[in-house]
Amino acid sequence: MAERTTTAETPVRGVSFWAFLVFMLLVMALFVALGTWQVERLGEKEQLVATVSAHFNEPPKPFPPASEWQVLEGGTYDYRPVSLTGTYRPEGTVLVFTSLANAKGKFSGPGYWVMTPFTLATGGTVFVNRGFVPEASGPGFSEGGSLEPGLISIAGVVRSAEVPGSFTPAPDTTRHVEWVRDPQRLANMAGELPQPVAPVYIDLPAGPEGALPQGGETVIEFPNNHLGYAMTWYGFALLVPFLLFFWVRRQRVRPAKA
């Protein structure tokens, strides 16, 4: 008699079945972990925005003397308004290349930050970011441009040093151009300066409309897409059980002999 075959559901429980099941569960756990990490980053970003906004709107406080500059480490003074008394050293000015977008003032696009050393009356030097100038105007500020001589008082916002990356170009010593606002790198190009050099720099506020350098370009807004990222990762995690359900059903359907 000829042998008949019928279709019946028979469970498949081989090594490959369990290996794939464990792998998918690990993937789901990874998605959950990534979503949770983004939720934590969301909380950190919201705290950062609140802290920066609070600091930025404080009245200026005297910049600490050189003997206390250890308090400037770790970003604790970042975005805090301060007042300083000292003397500009225009011959030590360094231009830092940038491309300014979403400018608050009239000028934007390729150009430079004008970073001029400021010798404090209490000792030491801090670099002052006097503002942005368009690329064509850069040569006119390579030696400081027009500056008030003698002892003056200024107010601005403390900013932490920018960290050069592995692809940051070397300084252009011929044109006195740098690529990051790092006080130590700037000091290396500025010549002889009263020591020490502060590990932070100062952003000046906006001046008269249309005046150069164009101050007041401190960015206090931060992109915050962490909630969307978290929802995406959690969505992937929720999708895994459905995919596993249909995959397991397909594995159970096998032709069996009657």
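Sequence order as written defines the numbering, with residues in each chain counted from 1. In view of the model being predicted, local features appear only for residues whose pLDDT reaches at least 70, and side-chain atom pairs are presented and counted only at 80 or more, with totals across whole chains, interfaces and linings using the full set of residues. Calculated side-chain values reflect all of the structure's heavy atoms, with hydrogen atoms and water omitted.

Asker: Could you give an account of the pattern of salt bridges, naming the residues involved and the relevant values?
Answerer: For this analysis, a salt bridge means a side-chain nitrogen from Lys or Arg found within 4 Å of a carboxyl oxygen belonging to Asp or Glu. Within this structure, the stated rule accounts for six salt bridges. With a closest N to O distance of 3.8 Å, E91 and R89 form a salt bridge.

Asker: For helix α1 (residues 15-56), give the residues involved together with the corresponding values.
Answerer: Each helix corresponds to a stretch of at least 4 residues labelled H or I by DSSP, and each strand to a stretch of at least 2 residues labelled E; elements are numbered beginning at the N terminus. Expected span of a helix, by definition, is 1.5 Å for each gap between consecutive residues, and there is one gap fewer than residues. Taking 1.5 Å as the rise per residue, α1 with 42 residues should run 62 Å; its terminal C-alpha atoms sit 61 Å apart, in good agreement. Remark: exposure states derive from per-residue accessible area (1.4 Å probe, protein chains only) relative to the maximum for the residue type, with buried under 20%, exposed over 50%, and partly exposed in between. Turning to α1, its buried residues number three or more, namely F17, L21, M24, V27, F31, G35, Q38, L42, K45, V52 and H55.

Asker: Residues and numbers for the nonpolar core, please.
Answerer: Only buried residues count toward a nonpolar core, which is a set of Ala, Val, Leu, Ile, Met, Phe, Trp, Tyr and Cys residues joined through side-chain atoms within 4.5 Å. Residues F63, L84, F118, V126, I154 and I202 are the most contacted members of the largest nonpolar core, which totals 17 residues. For this core, the elements supplying multiple residues, two or more each, are β3 (81-88), β5 (109-120), β6 (125-134), β7 (152-160) and β9 (197-203). If we skip the residues at most four places from it in the chain, I154 touches V82, S83, L84, Y88, F118, V128 and L204. Within the second largest apolar cluster, 15 residues are counted, among which are M115, L186, M189 and L193. Between two residues, a contact is recorded if the distance between any of their heavy atoms is within 4.5 Å.

Asker: Hey, could you go over helix α2 (residues 183-190) for me, with residue numbers and the actual values?
Answerer: Residues that lie three or four places apart on an α-helix share one face, since the helix turns once every 3.6 residues. Of all eight residues in α2, six are buried; the element is thus mostly enclosed. Among the residues of α2, P183, R185, L186, A187, M189 and A190 are the ones counted as buried. Elements in contact with the buried residues of α2: β4 (94-100), β5, β6, β8 (177-178) and β9. Of the residues trailing α2, G191 is marked for its positive phi of about 85°.

Asker: Which residues make up the side chain of T93, and what values go with them?
Answerer: One can find T93 in the loop between β3 and β4. Any N or O atom pair separated by 3.5 Å or less is treated as a polar contact, with the protein-specific requirement of one donor-capable and one acceptor-capable atom, and with residues adjacent in sequence counted only for side-chain atom pairs. At a separation of 3.0 Å, a polar atom in the side chain of T93 contacts the side chain of T116. Once residues lying within four places of it in the same chain are set aside, the contact partners of T93 are V114, M115, T116, P117, R130, F141, S142, E143, G144 and H176.

Asker: Which residues make up unusual backbone geometry, and what values go with them?
Answerer: Here the bond from Q195 into P196 is cis, since omega is -5°, no more than 30 degrees from zero. Geometrically, the link from L212 to P213 is a cis peptide bond, its omega value of -5° lying close to zero. Phi at Y79 is positive, roughly 70°, even though this residue is not glycine. Even without being a glycine, N102 presents a positive backbone phi close to 50°. If you trace the backbone, N102 turns up in the loop between β4 and β5.

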